[in-house]
Amino acid sequence: MTRPHRFLKPVRSDKENNMKYEVLVEDSFYHIYNCGNNKENIFIEEQNYAYFLLLVKKHLSKTLEILTYCLLKNHFHLLIKTKEEVASKEISQSFSNLFNVYSKSINKKYGRSGSLFKDRFSRIKLDNEEYLRKLILYIHLNPTHHQFVDDFRTYKHSSYNSILSDKITSLLRDSVINLFEDKQNFIEAHKIKEVTILESLTLE
């Protein structure tokens, strides 16, 4: 069972500073994201999504924990919490191992060569709970925002339904729910944000 984590006191969000390539440090929250090189798809068929998550668990579990995620055809989002007393170089190396192994596997399987991902992965350090809540909504609603599906709840490659499930998970489920106080507020917050997204798509 996951245990709730203490969250950082409201200070500032590094989103405004756009510190994409700052050093990853211990005991911190980050938004990690990347896309395919030259806008290529990084997930080509269904089995690729499961394999990527398997590698995430294998290579990242020693250095960090995951709150939420969403994998789409040509990009992904992870909301993570780095563990305490872990060196920055260990955190960076764990990501390097993940991307190298996945890229080599995709290149071999589909007869491609060169970099699969765009440059270095982006990261934004998070320093307040309000932004954490907004980011959780953003990550889960990404499939609707990019019009992959009409209803984000039906999208299979995000953590939304896992957060609501009672099944055992390695996600920091309790911490996510606690940010919204309870499951019902978690659901309602997503519904409200979904309306805003759908309205903006209608106006385009």
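Residues numbered from 1 in each chain as written. Predicted model: local features only at pLDDT ≥ 70, side-chain atom pairs only at ≥ 80, totals over all residues. Heavy atoms only, no water.

(A) Representation of helix α2 (residues 88–110). For α2, with 23 residues, the first-to-last C-alpha span of 33 Å sits near the 33 Å given by 1.5 Å per residue. For α2, the set of buried residues is Ile91, Ser94, Phe95, Leu98, Phe99, Tyr102, Ser103, Ile106 and Asn107. Considering only its buried residues, α2 is in contact with β1 (29–35), α1 (46–60), β2 (64–72) and β3 (75–82). Among the residues trailing α2, Gly111 stands out with phi positive, at a value near 65°. (Helix = DSSP H or I, 4+ residues; strand = E, 2+ residues; numbered from the N terminus. Expected span 1.5 Å × (residues − 1). Buried < 20%, exposed > 50% of the residue type's maximum accessible area, 1.4 Å probe, protein only. Contact = heavy atoms within 4.5 Å.)

(B) Region of the structure containing the packing of α1 against α2. For the pair α1 and α2, interaxial distance at closest approach is 9 Å and the crossing angle is 150°. When the interaxial angle is binned, α1 and α2 end up roughly antiparallel. Here α1 runs over α2; the crossing is right-handed. Listed contacts from α2 to Gln47, Asn48, Tyr51, Phe52, Leu55, Val56, His59 and Leu60 of α1 are Ser94, Phe95, Asn97, Leu98, Phe99, Val101, Tyr102, Ser105, Ile106, Lys109 and Tyr110. Of the residues in the contact of α1 with α2, the class split is 12 nonpolar, 6 polar and 1 charged. (Axes fitted to C-alpha atoms, helices over the stretch in contact; angles between N-to-C directions. Parallel < 35°, antiparallel > 145°, perpendicular 65-115°, else oblique. Left-handed = near helix turned anticlockwise from the far one by under 90°. Nonpolar A, V, L, I, M, F, W, Y, C, P; charged D, E, K, R; others polar.)

(C) Here's a closer look at the confidence of the model for the protein. The pLDDT averaged across the protein works out to 88; a share of 86% of its residues lies at or above 70. Scored below 50 in pLDDT, residues 1–20 makes 53 contacts in the model with residues more than four places away or belonging to other chains. (pLDDT = per-residue confidence, 0-100.)

(D) A look at the pattern of salt bridges. This model, assessed by the stated rule, comprises 10 salt bridges. The closest approach of N and O atoms between Lys125 and Asp127, which form a salt bridge, is 3.3 Å. Accessibility expressed as a relative area gives 16% for Lys125, which makes it buried. Judged by its relative accessible area of 8%, Asp127 is buried. Notably, a salt bridge pairs Lys183 with Asp166, separated by 3.1 Å at the nearest N-O pair. (Salt bridge = Lys/Arg side-chain N within 4 Å of Asp/Glu carboxyl O.)

(E) Structural context of the pairing of strand β4 (residues 122–126). Counting buried residues in β4 gives 5 out of 5 residues, a clear majority hidden from the surface. With burial as the criterion, each face of β4 is covered, one bearing Ser122, Ile124 and Leu126 and the other bearing Arg123 and Lys125. As paired strands, β1 and β4 are joined by 5 bridges and run antiparallel to one another. Across the sheet, residue Phe29 finds its bridge partner in β4, namely Leu126. (Pairing = 2+ DSSP bridges.)

(F) Fine view of the packing of aromatic side chains. The final tally for this structure, using the stated rule, is 16 aromatic pairs. With a centroid separation of 6.2 Å and an interplanar angle of 90°, the aromatic rings of Phe76 and Phe117 are classed as edge-to-face. On the criterion of sequence distance, the pair formed by Phe76 in strand β3 and Phe117 in the loop between α2 and β4 is long-range, its members being 41 residues apart. Seen in terms of ring centroids, Phe99 and Phe117 are 5.0 Å apart; in terms of plane orientation they differ by 55°. Their pairing is tilted. Of the two residues, Phe99 is situated in helix α2 and Phe117 in the loop between α2 and β4; the sequence distance between them amounts to 18 residues. Both residues of the pair, Phe99 and Phe117, belong to the buried class. One aromatic cluster is present, formed by Phe43, Tyr49, Tyr51, Phe52, Phe76, Phe95, Phe99, Tyr102, Phe117 and Phe121 through successive ring pairs. One Lys or Arg, Lys81, reaches over the ring of Phe29 and ends 5.9 Å from the middle of that ring. (Phe/Tyr/Trp six-rings, centres within 6.5 Å; stacked < 30°, edge-to-face > 60°. Lys NZ or Arg CZ within 6 Å of the ring centre and 35° of its normal.)

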